[in-house]
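Residues per chain, in single letters:
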Amino acid sequence: MNDELPELSSEEILRYSRHLILPNVALNGQRRLKAGRVLLIGAGGLGSPSALYLAAAGVGTLGIVDFDVVDVTNLQRQILHGTSDVGRPKLDSARDRIRDVNPHVHVETYETLLTSANALSILADYDVIVDGTDNFQTRYLTNDACVILGKPNVYGSIFRFEGQASVFATENGPCYRCLFAEPPPPGLVPSCAEGGVLGVLPGLIGTIQATEAIKLLLGIGETLAGRLLLVDALSLRFRTMRLRKDPSCPACGTREISELIDYEQFCGVGKERDVSDAELPELTPRELAERLQRGDDFDLIDVREPQEWEIARLDRARLIPLGAFTDALSTLDSAREIVVHCKGGTRSAKAVRQLQAAGFRRVWNLAGGITRWSDEVDPTVPKY
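Residues numbered from 1 in each chain as written. Predicted model: local features only at pLDDT ≥ 70, side-chain atom pairs only at ≥ 80, totals over all residues. Heavy atoms only, no water.

**Student:** Describe the overall build of the protein, and please don't skip the residues or the numbers.
**Tutor:** Of the regular secondary structure elements, the protein holds 17 helices and 13 strands. Its C-alpha atoms put the protein at 80 × 50 × 40 Å along the principal axes. Contacts in the protein between residues far apart in sequence, at least 24 positions, make up 67% of those at least 6 positions apart. With the model as given, the accessible surface of the protein reaches about 18400 Å², and the carbon-plus-sulfur share is 51%. (Helix = DSSP H or I, 4+ residues; strand = E, 2+ residues; numbered from the N terminus. Contact = heavy atoms within 4.5 Å. Areas by Shrake-Rupley, 256 points an atom, 1.4 Å probe, with all protein chains shown as cover.)

**Student:** Can you break down the pattern of salt bridges residue by residue, with the values?
**Tutor:** By the definition in use, this model includes 23 salt bridges. A salt bridge links Asp100 to Arg97; its shortest N-O distance comes to 3.7 Å. Placement of the pair is Asp100 and Arg97 together in helix H5 (residues 90-101), with a separation of three residues, close to one helical turn. Through salt bridges with shared partners, a single network forms among Arg291, Arg294, Asp296, Glu337 and Arg362. (Salt bridge = Lys/Arg side-chain N within 4 Å of Asp/Glu carboxyl O.)

**Student:** I'd like a rundown of the packing of helix H4 (residues 47-57) against H5, residues and numbers included.
**Tutor:** Close contact between H4 and H5 brings their axes to 9 Å; oriented N to C, the two are set at 35 degrees. As H4 runs across H5, the sense of the crossing is right-handed. Each of Ala51, Leu52, Ala55 and Ala56 in H4 lies in contact with H5, whose residues at this interface are Arg97, Ile98 and Val101. Its residues assigned to classes, the contact of H4 with H5 shows six nonpolar, no polar and one charged. (Axes fitted to C-alpha atoms, helices over the stretch in contact; angles between N-to-C directions. Left-handed = near helix turned anticlockwise from the far one by under 90°. Nonpolar A, V, L, I, M, F, W, Y, C, P; charged D, E, K, R; others polar.)

**Student:** Describe in detail the sheet that holds strand S11 (residues 317-319), supporting the description with residues and values.
**Tutor:** Where strands meet in a sheet, backbone hydrogen bonds hold them as pairs that are either parallel or antiparallel. Strand order in this open sheet of five strands is S9-S13-S12-S10-S11, and the pairing throughout is parallel. Two strands bound the open sheet, and with one partner strand each, they are strand S9 (282-283) and S11. The pairing of strand S10 (residues 299-302) with S11 spans three bridges and is classified as parallel. From the neighbouring strand, Ile301 faces S11, where its bridge partner is Arg318. Each of strand S12 (338-341) and strand S13 (363-366) touches helix H16 (residues 346-357); the most contacted strand, S13, lies at about 175 degrees to it. (Pairing = 2+ DSSP bridges.)

**Student:** Explain the environment of Leu229 residue by residue, including any values.
**Tutor:** In this structure, Leu229 sits in strand S7 (residues 227-232). Owing to a relative accessible area of 10%, Leu229 belongs among the buried residues under this scheme. Considering only alpha carbons, one finds Leu229 and Asp299, 70 residues apart in sequence, at a separation of 46 Å. Beyond its immediate sequence surroundings of up to four residues, Leu229 is in contact with Gly163, Gln164, Ala165, Ile208, Leu224, Phe238, Arg239 and Thr240. (Buried < 20%, exposed > 50% of the residue type's maximum accessible area, 1.4 Å probe, protein only.)

**Student:** Go over the sheet that holds strand S8 (residues 237-242) with me, naming the residues and quoting the values.
**Tutor:** Strand order in the open sheet formed by eight strands is S3-S2-S1-S4-S5-S6-S7-S8, and the pairing between neighbours is mixed. Strands with a single pairing partner mark the edges of an open sheet, and in this sheet they are strand S3 (106-110) and S8. Averaged over neighbouring strand pairs, the angle between their axes works out to 15 degrees when direction is ignored. Bridge analysis of strand S4 (residues 128-131) against strand S5 (residues 153-159) gives three bridges, and the strand direction is parallel.

**Student:** Lay out the pairing of S5 in plain terms, naming residues and giving numbers.
**Tutor:** When you tally the buried positions in S5, you get six out of seven residues, the bulk of the element. For the segment spanning S4, helix H7 (residues 136-149) and S5, crossover handedness is right-handed. Joining the antiparallel neighbours S5 and strand S6 (residues 162-168) is a turn of two residues, in which Arg160 adopts a positive phi near 55 degrees. (Right-handed = clockwise from strand over helix to strand, strands pointing away.)

**Student:** Which residues make up the packing of helix H3 (residues 26-35) against helix H10 (residues 201-218), and what are the values?
**Tutor:** The geometry of H3 relative to H10 is characterised by a closest axis approach of 9 Å and an angle of 110 degrees between their N-to-C directions. One way to sum up the angle between H3 and H10 is to call them roughly perpendicular. Relative to H10, H3 is oriented so that their crossing is right-handed. Only Ile214, Leu217 and Leu218 of H10 make contact with H3, whose side of the interface consists of Gly29, Arg32 and Leu33. Looking at side-chain class alone, the contact of H3 with H10 contains four nonpolar, one polar and one charged residues. (Parallel < 35°, antiparallel > 145°, perpendicular 65-115°, else oblique.)

**Student:** Could you give me a rundown of the nonpolar core, with the residues and numbers involved?
**Tutor:** In terms of nonpolar packing, the biggest core is built from 39 residues, with Val38, Leu54, Leu62, Ile64, Ile98 and Ile205 touching the most fellow members. Top element by residues in this core is H10. It accounts for eight residues. (Core = buried A, V, L, I, M, F, W, Y, C linked by side-chain atoms within 4.5 Å.)

**Student:** Tell me about a nonpolar patch on the surface, residues and numbers included.
**Tutor:** A cluster of nonpolar side chains, contributed by Phe161, Leu198, Val200 and Leu234, occupies part of the molecular surface with about 370 Å² of accessible area. You can see Leu234 is positioned in the loop between S7 and S8. Since its relative accessible area comes to 63%, Leu234 is described here as exposed. (Patch = residues over 30% accessible without salt bridge, like charges linked within 9 Å, V, L, I, M, F, W, Y side chains within 5 Å.)

**Student:** Explain the packing of aromatic side chains to me, and be specific about the residues and the numbers.
**Tutor:** Taken as a whole and judged by the stated rule, the model has seven aromatic pairs. Here the aromatic rings of Tyr155 and Phe168 are separated by 5.3 Å at their centres, their planes lie at 45 degrees, and the arrangement is tilted. Here Tyr155 is found in strand S5, whereas its partner Phe168 is found in strand S6, with 13 residues between them in sequence. Of the two residues, Tyr155 and Phe168, both sit in the buried class. Here the aromatic rings of Tyr155 and Tyr176 are separated by 5.3 Å at their centres, their planes lie at 45 degrees, and the arrangement is tilted. Of this pair, Tyr155 sits in strand S5 while Tyr176 is found in helix H8 (residues 176-179), placing the two residues 21 residues apart along the sequence. Taken individually, Tyr155 and Tyr176 each receive the classification buried, so the pair is uniform in this respect. An aromatic cluster is built from Tyr140, Tyr155, Phe168, Tyr176, Phe180 and Phe266, whose rings are joined through pairwise contacts. (Phe/Tyr/Trp six-rings, centres within 6.5 Å; stacked < 30°, edge-to-face > 60°.)

Have a look at this one:
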């Protein structure tokens, strides 16, 4: 077996010397890392530290799946990319950065959305999968593909000041569906763009994911399989929960899921939701600006959080954060016309639906929120 592992050059021996003197790694362990193939789903907040540390450790092949471009708002946490990379495909900046960290690492890129049509073929050639996704449909897709293929799934997720990590889909361990059999209703869990994330938090979780991937390749230590690590950055407390394999799990238990499904429908982001959104009464920013300029009589409600209100706000707007919206309904006049806005239109759409359910008829959602207002009406309003 060891004869089949790739040899290390003299330069690599020098580069990895701090590994080679570790009794649990040594020369053959480093050769295992060089032979290893790790696939990163996403080159964002979690994928950035994972990619950098896996490359520095000498993992021979890193695959990266991503189809996004670098945006300036990424730079607060996505350390794989720099200011000069803004506007570039993330795969291009990731490849350049990894090559600079370690030219001995081969990078394979997949500039595509991971789907039920391509996931099995992409994941099949890798030893370990690192899940750095930021949406439920790709998270469930990754989990199910890993279970079907028998690939360990190094999971991580982040939100605001809290993070989670585990290793799913090992031979005897649970999978992601054992923990969360069903996704939450659409919109219940805000995205990082809506809720925010402490910039250093993905560094913590992503580094833990890289650690787990290295241990899996080396076959050393105790991985997080069967445990969920919970990280609270505000109190800097780490705790673990024991996880058990669910015999009734449709993925790793009953094996009911033998092929990949339609994950957009499963997570409630398919056609039905699109039709519902299309029926939402909306105003464009230009239409709202014209009505404000004419002095039309209506109420403008901002359902963002107070910290967002401090960054940017619209004249005449009244702040009612979405979490307090139900309690504030009694203070609104159902006979008046009401326009609701948020950052991008998602939270305000929920508020409009609440108003409609409460009997309000003259309600509008500001399409694209204050971000689109900044783009189309008033560029002096800061974007965030």
